[in-house]
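Structural characterization, general
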Amino acid sequence: MPTTAPILHVAVPSPLYRTFDYLAPAGVEPPAPGSRVLVPFGRKRVVGVVLGSASHSDIDGSRLKRVLEVLDPRPLLDPELLALAQWAARYYQHPIGEALAAALPVLLRHPGGGTLSRQWWRATAAGLATDPAALGHAVRQAAVLAQLRRHPGGLPRDAIEAPMTVLRTLQDKGWIEACAPAPDAVREPGAAYGEAVPALGDAQRAAVEAVREADGRFAALLLEGVTGSGKTEVYLRAIEPVVRSGRQVLVLVPEIGLTPQLVRRFGRRLDLEPALLHSGLSDSERLLAWQQAASGERRLVIGTRSAIFTPLASPGLIVVDEEHDASLKQQEGFRYSARDLAVWRARQLGVPVVLGSATPSLESLYNVELGRYRHLRLPERAGRAALPRLRLLDVRRQPMQDLLSEPLLVRMQDHLARGGQVLVFLNRRGFSPVLLCHDCGWVADCPRCDAHMTLHRARGLLRCHHCGHQRRIDTHCPACGGSELVAVGQGTERLEAALAERFPDQRVLRIDRDTTRRKGSLQQALDSARSGRAHILLGTQMLAKGHHFPGVSLVAILDADQGLFGSDFRASERMAQLIVQVAGRAGRGDRPGEVLIQTHQPDHPLLRQLVEQGYDAFARAALEERRAARLPPFSSLALLRAEAPDADAPAAFLEQAAQRAAALASPGVQLWGPVPAPMERRGGRYRAQLLLQATRRADLQALLTRLLPQLETEKTARRVRWSIDVDPADTL
Ligand code: ADP
Ligand code: ZN
Ligand code: ZN
């Protein structure tokens, strides 16, 4: 039956793999693709995004519902961003409605939440000079002042979460004032910088030239620079002409919380306030940053993975820092890789994209080999600093005290005596990973996971690091009543105590997720690490990421062997990256650096290669292993996961899925499994997985596109939660 009004194809947040048809509102111009509309959906009204229109629908006209309201007079999402989201939804096999919802700020997913007030507030000079901590118990005032100090250009009223009385009080004190919305002021070339600008080294200059030369067209450049080689300096020089010409630059970083230095450095050097997009923002702050990027008001947009979906009015360049970092891949829901989307988006936009790392992913190195990416290299450290020497410390048969071998303690003593800082790396937090009964052998296990509980002694807790379950430490063994419970193994909390006892005159500073929970505490810890106030820094991989601690002369990696026995095919790549990144914290200032890696496997070929020949040689060998085993990047993987409280349901569902996949008869796609997940029970749910592998990506895509809609109707699917992960970061 022909319908009179045009039909709109609308993406609605729903787990179904399709769009829904609605009648356009009567009497008005139908909304263009990219506009949000309010539509009836089941018994609810939801916000959807128009993707297209048609004059006919396959659905009977009498059953079609009408759009209730057009929320955007002009499309909110431009065709470019819409294309990105649609491509990502197809490639990562995620329902388009949910993919678009994930790309939008929360406030735009609801009707009526999309406008911010034009009334703005900012800190006055007196307010900027005031430490919010001085406000003592007036916590709400302190929070507002702290927030406005972070945004010297001011914020709209709605982005400040405090009642008007609080703002008035601060105004009366002369610390904040109302102001007009502030556009980004870019100073003209030649304006004074807030920071000294170093003269570039030859390799840096060549890299900057290569990026500048690619201006105005698509090019993917892999910037491989050893730790401390001045990659950030290259980004800054490449970004500068782009923002000065009035265009925008999008910079993706793994975790903003861990790199406040980087953000400050960008803003200061380029003399503009960046729009920041990360998970620590309130909904209003996120909307504001999103709008400032969309309008072109902010020329520098820095964000974590989801910032890849930020609209840009006049894009000129994309930078992905630490491109190897696993956090660029979303691990739940819409499982996209922000790095890979950045390359796709740059191609669509016709702008260059720079992928930077000291330890590039094997995927990116392979893309260099194929000629898809241009390789830019910074083989030496910038300035006068030299790369540290890496040495394996064979600890077999060595007397060990709390994971510290005698030769290591001697080296620590030596560096400390000469005024150097020591960084001790142990990637396990808590006091000890196991608590057991000396009388009967009982072990404290998580009731919801196939895992031991970690002992957190200072907080008096046993905590599961996989599901968060926690309880008070037992005083007696629940099995035999014995009172001799023994903490087995080392975590950072225990190591901290051991180091404090061993080096009573030195200040020991532990940095891990447990010591940095309070807002601002990470910042404070990093400051004392950088300033040299703390002598021994000890921590987890939080300490590995990009930090510049100029006083650190010795880095000790206590337990490298952990990484050698991972069951995932990427385990050795991750281990090598972590070792090189941690090692890279040594010798960045005036003192030469030394790196000691304790191991019980001093002859392990991968470790030796890494230590003796460096990351490049390691990566080349690892890539050859992947080629021989036909693992990514020499094949494509997708992982179908299922979990349920019922132990049999996941396998039953995956069996059905495997049968259906086989029936779709895709030559070139192999199925592995289903098998139980390596940790089968987690958070009270049993988990299983089916791995799909293909030599040609297109074969896998074709199969998934046909298979997944079938799984929606599969009976066994009702008893499980399932998900598909294309290009999984790990197969665990
Ligand atoms: P990376 O990001 O490669 O680890 P950074 O860009 O943080 O390295 O640079 C490391 C240190 O070297 C920083 O303190 C930076 O200011 C300094 N630096 C960078 N380039 C130069 C240069 N050309 N000359 C002198 N110092 C430099
Ligand atoms: Zn016991
Ligand atoms: Zn658990």
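Bear in mind that the values here come from a model prediction, so they are computed numbers and not experimental data.

**Quick look at the coordination of the zinc ion (ligand 2)**
Protein-derived ligands of the zinc ion (ligand 2) are Cys-437 (SG), Cys-440 (SG), Cys-477 (SG) and Cys-480 (SG), with the metal-ligand distances lying across 2.2 to 2.4 Å. Note that the zinc ion (ligand 2) binds four donor atoms; their angles at the metal cover 107 to 114°, and the shape is tetrahedral. One chain supplies every donor to the zinc ion (ligand 2), and in sequence these donors are spaced C-x2-C-x36-C-x2-C. Placement of the pair is Cys-437 in strand E20 (residues 434-437) and Cys-480 in the loop between strand E23 (470-472) and strand E24 (485-488), with a sequence separation of 43 residues. Residue class for Cys-480 comes out partly exposed when judged on its relative accessible area of 40%.

**A short note on unusual backbone geometry**
Following Pro-632, the chain continues to Pro-633 via a peptide bond in cis, the omega torsion being 5°. Mapped onto the fold, Pro-633 is located in the loop between helix H17 (615-629) and strand E29 (636-644). Note that the residue after Gly-673, namely Pro-674, is joined by a cis bond; omega there is 5°. Along the chain, Pro-674 falls in strand E30 (residues 669-682). A positive phi angle, close to 60°, is found at Arg-397, a residue other than glycine. Relative to the helices and strands, Arg-397 resides in the loop between strand E16 (389-394) and strand E17 (400-401). Taking the relative accessible area as the measure of exposure, Arg-397 reaches 81% and is therefore exposed. Located in the positive-phi region is Asp-727, a residue other than glycine, with phi close to 55°. Relative to the assigned elements, Asp-727 resides in the segment after strand E32 (721-726).

**Describing the side chain of Glu-285**
For Glu-285, the position within the fold is in helix H9 (residues 283-295). Each residue touching Glu-285, except ones within four places of it in the same chain, is listed here: Gln-147, Arg-150, His-151, Leu-155 and Ala-159.

**Let's talk about the sheet that holds strand E31 (residues 685-694)**
Strand order in this open sheet of four strands is E30-E31-E29-E32, and the pairing throughout is antiparallel. Two strands bound the open sheet, and with one partner strand each, they are E30 and E32. Averaged over all neighbouring strand pairs, the angle between strand axes comes to 20°, with direction disregarded. For E29 and E31, the ladder comprises nine bridges, and the chain directions are antiparallel. The residue bridging Glu-643 from the neighbouring strand is Arg-687, located in E31. Sheet strands in contact with helix H18 (residues 649-663) are E29, E30, E31 and E32, and its direction is about 145° off that of E29.

**Points about the sheet that holds strand E5 (residues 69-70)**
Strand order in the open sheet formed by five strands is E2-E1-E4-E3-E5, and the pairing between neighbours is antiparallel. At either margin of the open sheet sits one strand with a lone partner, and together these are strand E2 (20-23) and E5. In this sheet, E5 lies alongside strand E3 (residues 36-41) in antiparallel orientation, the contact comprising two bridges. Opposite Val-37, over in E5, you have Val-70 as the bridge partner.

**Details of the pattern of salt bridges**
Within this structure, the stated rule accounts for 46 salt bridges. As a salt-bridge pair, Arg-377 and Glu-224 come within 3.7 Å of each other at their nearest N and O atoms. Placement of Arg-377 in strand E15 (residues 374-378) and of Glu-224 in strand E9 (residues 219-225) is noted, with a sequence separation of 153 residues between them. Taking the relative accessible area as the measure of exposure, Glu-224 reaches 7% and is therefore buried. Its salt-bridge partner being Glu-233, residue Arg-265 comes within 3.6 Å of it at the nearest N-O pair. Residue Arg-265 is located in helix H8 (residues 260-270), and its partner Glu-233 is located in helix H7 (residues 231-244); the two are separated by 32 residues in the primary sequence. What emerges from the salt-bridge pattern is a single network uniting Arg-391, Arg-411, Asp-414, Arg-418 and Glu-594.

**Structural notes on the side chain of Glu-493**
Topologically, Glu-493 is positioned in helix H13 (residues 492-502). Of the buried charged residues, Glu-493 lacks a salt bridge, with Arg-510 as the closest side chain of opposite charge at 4.9 Å.

**As for the coordination of the zinc ion (ligand 3)**
Put simply, the ideal angle at a metal is 109.5 degrees for four donors in tetrahedral geometry and 90 or 180 degrees for six donors in octahedral geometry. Of the protein atoms, only Cys-446 (SG), Cys-449 (SG), Cys-464 (SG) and Cys-467 (SG) coordinate the zinc ion (ligand 3), at distances of 2.2 to 2.3 Å. Considering all four donor atoms around the zinc ion (ligand 3), angles at the metal cover 105 to 113° and the coordination shape is tetrahedral. Spacing between the donor residues of the zinc ion (ligand 3) along the chain follows C-x2-C-x14-C-x2-C. In this pair, Cys-446 is assigned in the loop between E20 and strand E21 (454-456) and Cys-467 in the loop between strand E22 (461-463) and E23, connecting sequence segments 21 residues apart.

**Comments concerning the packing of helix H16 (residues 605-613) against H17**
Running from N to C, H16 and H17 cross one another at 145°; their axes reach a closest spacing of 7 Å. Only Tyr-615, Ala-617, Phe-618, Ala-621 and Glu-625 of H17 make contact with H16, whose side of the interface consists of Leu-606, Gln-609, Leu-610 and Gln-613. Here the residues of the contact of H16 with H17 sort into six nonpolar, two polar and one charged.

**Details of the domain arrangement of the protein chain**
Split by domain assignment, the protein chain resolves into domain 1 (2-109), domain 2 (120-179), domain 3 (202-378), domain 4 (389-429 + 491-628), domain 5 (434-488) and domain 6 (636-726). Averaged C-alpha coordinates put domain 2 and domain 6 at centres separated by 52 Å.

**Comments concerning the packing of aromatic side chains**
The tally for this structure, following the rule as stated, stands at ten aromatic pairs. Judged by centre distance (5.1 Å) and plane angle (80°), the ring pair of Phe-309 and Tyr-336 falls under edge-to-face. Within this pair, whereas Phe-309 is found in the loop between strand E12 (300-303) and strand E13 (315-320), its partner Tyr-336 is found in the loop between E13 and helix H10 (338-349), the two being separated by 27 residues in sequence. Per residue, the accessibility class of Phe-309 equals that of Tyr-336, and both read buried. One aromatic cluster is present, formed by Trp-87, Tyr-91, Tyr-92 and Trp-344 through successive ring pairs.

**Looking at the pairing of strand E10 (residues 248-252)**
Extensive coverage of E10 is indicated by the burial of five of its five residues. Of the two faces of E10, the one carrying Gln-248, Leu-250 and Leu-252 and the one carrying Val-249 and Val-251 are both buried. With five bridges joining them, E10 and E13 adopt parallel strand pairing. Paired with Gln-248 across the two strands is Pro-315, which belongs to E13. Note that E10 and E12 share four bridges and pair parallel. Each bridged residue has a counterpart across the sheet, and for Leu-252 the counterpart in E12 is Gly-303.

**Focus: the site of ligand 1**
In the vicinity of ligand 1, 17 residues are found, and the nearest of them are Ala-199, Gln-204, Gly-228, Lys-231 and Thr-232. Measuring from an oxygen atom of ligand 1, one finds a side-chain N or O atom of Lys-231 at 2.9 Å. Between Arg-265 and ligand 1, the recorded distance is 3.4 Å, taken from a side-chain N or O atom to an oxygen atom. No other element matches H7, which puts three residues into the shell around ligand 1.

**A closer look at the packing of helix H11 (residues 362-369) against H17**
In the contact formed by H11 and H17, the axes pass within 10 Å of each other and the chain directions differ by 85°. Taken as axis vectors, H11 and H17 run roughly perpendicular relative to one another. Contact residues: H11 offers Leu-362, Glu-363, Leu-365, Tyr-366 and Glu-369, while H17 offers Ala-619, Ala-622, Leu-623, Arg-626 and Arg-627. The residue makeup of the contact of H11 with H17, split by class, is six nonpolar, no polar and four charged.

What counts, and at which threshold
- Residues numbered from 1 in each chain as written.
- Chains lettered and ligands numbered in written order.
- Predicted model: local features only at pLDDT ≥ 70, side-chain atom pairs only at ≥ 80, totals over all residues.
- Heavy atoms only, no water.
- Donors = N, O, S within 2.8 Å, 3.2 Å for Na, K, Ca; no water.
- Tetrahedral: all angles 85-135°; square planar, octahedral: opposite > 155°, others 65-115°.
- Helix = DSSP H or I, 4+ residues; strand = E, 2+ residues; numbered from the N terminus.
- Buried < 20%, exposed > 50% of the residue type's maximum accessible area, 1.4 Å probe, protein only.
- Contact = heavy atoms within 4.5 Å.
- Pairing = 2+ DSSP bridges.
- Axes fitted to C-alpha atoms, helices over the stretch in contact; angles between N-to-C directions.
- Salt bridge = Lys/Arg side-chain N within 4 Å of Asp/Glu carboxyl O.
- Lys, Arg positive; Asp, Glu negative; His and termini not counted.
- Nonpolar A, V, L, I, M, F, W, Y, C, P; charged D, E, K, R; others polar.
- Domains from an automatic or database assignment.
- Phe/Tyr/Trp six-rings, centres within 6.5 Å; stacked < 30°, edge-to-face > 60°.
- Near = heavy atom within 4 Å.
- Polar contact = N/O pair within 3.5 Å; in protein donor to acceptor, adjacent residues only side chain to side chain.
- Parallel < 35°, antiparallel > 145°, perpendicular 65-115°, else oblique.

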